[in-house]
Amino acid sequence: MNYARRPGIDSEALARLAARERETFTATHAESARLAKLSAQHWLNGVPMHWMRDWSTPHPLFVRKARGVELEDVDGNTYIDFCFGDTGAMFGHSPPAIARALAETGSMGITSMLPAERVARVGEKLAKLFGLPFWQMTQTATDANRAALRWARAITGRQRMLVFDGCYHGTVDETLVRALPDMNDKGGTRARAGLIGMNHDVSVTTDAVLSRSRTAAVIAEPVMTNIGMVLPEEGFLHKLREITRRLHVLLIIDETHTLSTARGGYARAQNLEPDIWVCGKAIAGGMPCAVFGFTAEVEAGMRRVQEDRGGGHSGMGTTLAANALALACLEASLDELMTPANYQAMHECAAYLSEGLGHVFATETLSWHVARVGARLEFGFGKAARNGAESERAAWPELEHAIHLYLLNRGVLLTPFHNMMLCSPVTTTAHADTLLRHLHACLREVGSAS
Ligand SMILES: Cc1ncc(COP(=O)(O)O)c(C=O)c1O
């Protein structure tokens, strides 16, 4: 563990706190420990999906149930959840509208590889809310992004993608790159560290600067949310739109996280006019479902590609995509979760929490920052970053993990990745106060003045 000295934090106090919190966790999570041991007999790393080991806890925390803002573990401990499954449950756990859709549709055929009766209606609702006329469904945002990139290559006849350094768009090969540290005007990329089983050099498929002749598409989150939170500079995204349009490069906006911004997403709120718009995770209230929407020009390009290719496997799609259950949940989410009232409640709570965090940091004379995009917030250990690399340099995983474990032991869950918090429609200022109170106590304990 790296408890090296940094401004405002007493590294010895931090190491002591981290050790104590691990002991506390162990003492209060006996049933989780028992299940962890049993699960290790049949699951790789003891969990059915390896990210479940990314938490700050000494062993996995096993969940009994989650409802609204509250999550209960198998030891009977309850938590106020600010993680919400890293966004999948952004509108609260098991919202009644989704539970109802599951109950009603679950007994009427889950999947048939035929369009369900409600397809036309849901298409119309997607178009109305997000402002793009044509749509496709996938099961995950990863799949939606992968399909969007494939279509972009096919439509433009160009091979390369442009991504932002420090981005995350799911496990999509072309996006798993970093900018070379000595990036010059040619704009080099390299594969991300730690990739498993890659069989080709992803730096060949992805550029770091736009090229009129090579770049098929730029894919971007309008606010970077996967390397801390990096807000765009004023005018940056509209300039990006202007340049991509001029060079006939497609602009793909991935709003899997920034759906938190406003009803209809960030791009709609800012009149960004992407060519392709992607969203997953919370789009159907947490049911596996993602969508991508596109303009009439892109749709015409897709049809041209289909006419020209002469049949055979397209290399896109999965069997369960657009199944009846996912579609029912998507409609319920469009109708009953993404409402103006829900967004207002989420935003008011997030603004309250943001202000409270700022107050805590000021009181402890920590020059940390808070970034917010609607219902989603992050705090970072330093001033606001201007790009992914800067944000990464400010990260301090040991401090992050100690804070997360301290809060978890007091019934507050933050995402395991950096310091992200979401306010759902059922998160209240009282929940925010609980987080603020415990965070403040934690920082007082590890602050260099203590
Ligand atoms: C912006 C963005 N796009 C896409 C994804 C991929 O989502 P999924 O893992 O559900 O496929 C993520 C996941 O964190 C994401 O943050």
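The structure this text deals with has already been given above.
Quick caveat: nothing in here was measured; it's all calculated off a predicted structure.

Visitor: Hey, could you go over the site of the ligand for me, with residue numbers and the actual values?
Guide: Taken together, 13 residues form the shell around the ligand, and within it Thr142, Asn226, Asp254, His257 and Lys281 come nearest. Thr142 has a polar side-chain atom sitting 2.6 Å from an oxygen atom of the ligand. One nitrogen or oxygen atom from the side chain of Asn226 is found 2.9 Å from an oxygen atom belonging to the ligand. Starting from 390 Å² of accessible surface for the ligand in isolation, the protein chains cover 89%. If you tally residues by element for the shell around the ligand, the top one is helix 5 (residues 141-156), at 3 residues. Looking at the shell around the ligand, its residues break down into 2 nonpolar, 8 polar and 3 charged.

Visitor: So, helix 5: which residues are in play, and what are the values?
Guide: If you check helix 5, its first and last C-alpha atoms are 22 Å apart, about what 16 residues at 1.5 Å a residue would give, namely 22 Å. Within helix 5, burial applies to Ala141, Thr142, Asp143, Ala144, Asn145, Ala147, Ala148, Leu149, Trp151, Ala152 and Arg153. Gly157 lies just past helix 5 and shows a positive phi near 75°.

Visitor: Outline the packing of aromatic side chains, supporting the account with residue identities and numerical values.
Guide: In the structure shown here, the tally under the stated rule is 12 aromatic pairs. Taken together, the ring pairs in this structure connect Phe361, Trp368, Phe379 and Phe381 into an aromatic cluster. Sitting above the plane of the Tyr406 ring, Arg410 keeps its charged end 3.5 Å from the centroid.

Visitor: Explain helix 6 (residues 236-246) to me, and be specific about the residues and the numbers.
Guide: Listed as buried for helix 6 are Leu237, Leu240, Arg241 and Thr244. The arc that holds every buried residue of helix 6, seen down its axis, measures 100°, which confines them to one face. If you follow the buried residues of helix 6, they end up packed against strand 9 (215-220), strand 10 (250-254) and helix 7 (265-269). Following helix 6 by one or two positions, His248 adopts a phi angle in the positive range, close to 55°.

Visitor: If you had to explain the nonpolar core to someone new, which residues and values would you point to?
Guide: Soluble globular proteins: nonpolar side chains tend toward being buried together. Membership of the largest hydrophobic core comes to 88 residues, with the highest contact counts inside it found for Phe130, Leu259, Ile283, Leu330, Leu353, Leu357 and Trp368. Ranked by residue count, the leading element in this core is helix 9 (residues 324-337), at 9 residues. Every residue in contact with Trp368, bar those within four places of it in the chain, is listed here: Ile9, Phe361, Phe379, Gly380, Phe381, Gly382, Leu399, Ile403 and Leu443. Counting residues in each nonpolar core, the second largest holds 25 residues, with Ala147, Leu149, Ala152 and Ile219 among its members.

Visitor: Could you give an account of unusual backbone geometry, naming the residues involved and the relevant values?
Guide: Glycine aside, residues mostly have negative phi angles, and peptide bonds mostly take the trans form. Within the chain, Ser94 stands out as a residue other than glycine whose phi angle is a positive 45°. Mapped onto the fold, Ser94 is located in the loop between strand 3 (78-81) and helix 3 (96-106). For Ser94, a relative accessible area of 43% translates into the label partly exposed. A positive phi is found at Thr365, a non-glycine position, where the angle reads about 45°. Following the sequence through the fold, Thr365 ends up in the loop between helix 10 (340-363) and strand 13 (369-373).

Visitor: So what's going on with the environment of Pro96? Residues and values would help.
Guide: Examined against the element boundaries, Pro96 turns out to sit in helix 3. Accessibility expressed as a relative area gives 57% for Pro96, which makes it exposed. With 28 residues separating them in the primary sequence, Pro96 and Gly68 have C-alpha atoms 9.1 Å apart.

Visitor: Describe the state of the cysteines, and please don't skip the residues or the numbers.
Guide: Counted under the stated rule, the structure contains 0 disulfides. Unpaired in this structure, Cys83 has its nearest cysteine sulfur neighbour in Cys423, at a distance of 13 Å. A relative accessible area of 3% means that Cys83 is categorised as buried. The thiol sulfur of Cys329 is not disulfide-bonded, and the nearest other cysteine sulfur, from Cys289, lies at 8.1 Å.

Visitor: So what's going on with the sheet that holds strand 13? Which residues, and what values?
Guide: Reading across the sheet, the 3 strands line up as 13-14-16 and stay open at both edges, with antiparallel pairing between neighbours. Either end of the sheet is taken by a strand with one partner, and the two such strands are strand 13 and strand 16 (420-422). Strand-to-strand, the axes of this sheet are offset by a mean angle of 20°, without reference to chain direction. Both strand 14 (residues 376-380) and strand 16 contribute to a ladder of 3 bridges, which runs antiparallel. Its bridge partner lying in strand 16, Arg376 is registered against Leu422. Helix-sheet contacts for helix 10 involve strand 13, strand 14 and strand 16, and the interaxial angle to strand 13 is about 170°.

Visitor: Describe the sheet that holds strand 2 (residues 70-73), and please don't skip the residues or the numbers.
Guide: Sheet architecture is open: 4 strands sit in the order 1-2-3-15, paired in mixed fashion. This sheet does not close on itself; its edge strands, each paired only once, are strand 1 (63-67) and strand 15 (412-413). As defined by bridge partners, strand 2 adjoins strand 3 across 3 bridges and the pair is classed as antiparallel. Among the inter-strand pairings, Glu70 is bridged to a residue of strand 3, identified as Ile80.

Calculation rules
Residues numbered from 1 in each chain as written. Predicted model: local features only at pLDDT ≥ 70, side-chain atom pairs only at ≥ 80, totals over all residues. Heavy atoms only, no water. Near = heavy atom within 4 Å. Polar contact = N/O pair within 3.5 Å; in protein donor to acceptor, adjacent residues only side chain to side chain. Areas by Shrake-Rupley, 256 points an atom, 1.4 Å probe, with all protein chains shown as cover. Helix = DSSP H or I, 4+ residues; strand = E, 2+ residues; numbered from the N terminus. Nonpolar A, V, L, I, M, F, W, Y, C, P; charged D, E, K, R; others polar. Expected span 1.5 Å × (residues − 1). Buried < 20%, exposed > 50% of the residue type's maximum accessible area, 1.4 Å probe, protein only. Phe/Tyr/Trp six-rings, centres within 6.5 Å; stacked < 30°, edge-to-face > 60°. Lys NZ or Arg CZ within 6 Å of the ring centre and 35° of its normal. Arc of directions from axis to C-beta. Contact = heavy atoms within 4.5 Å. Core = buried A, V, L, I, M, F, W, Y, C linked by side-chain atoms within 4.5 Å. Disulfide = S-S within 2.5 Å. Pairing = 2+ DSSP bridges. Axes fitted to C-alpha atoms, helices over the stretch in contact; angles between N-to-C directions.

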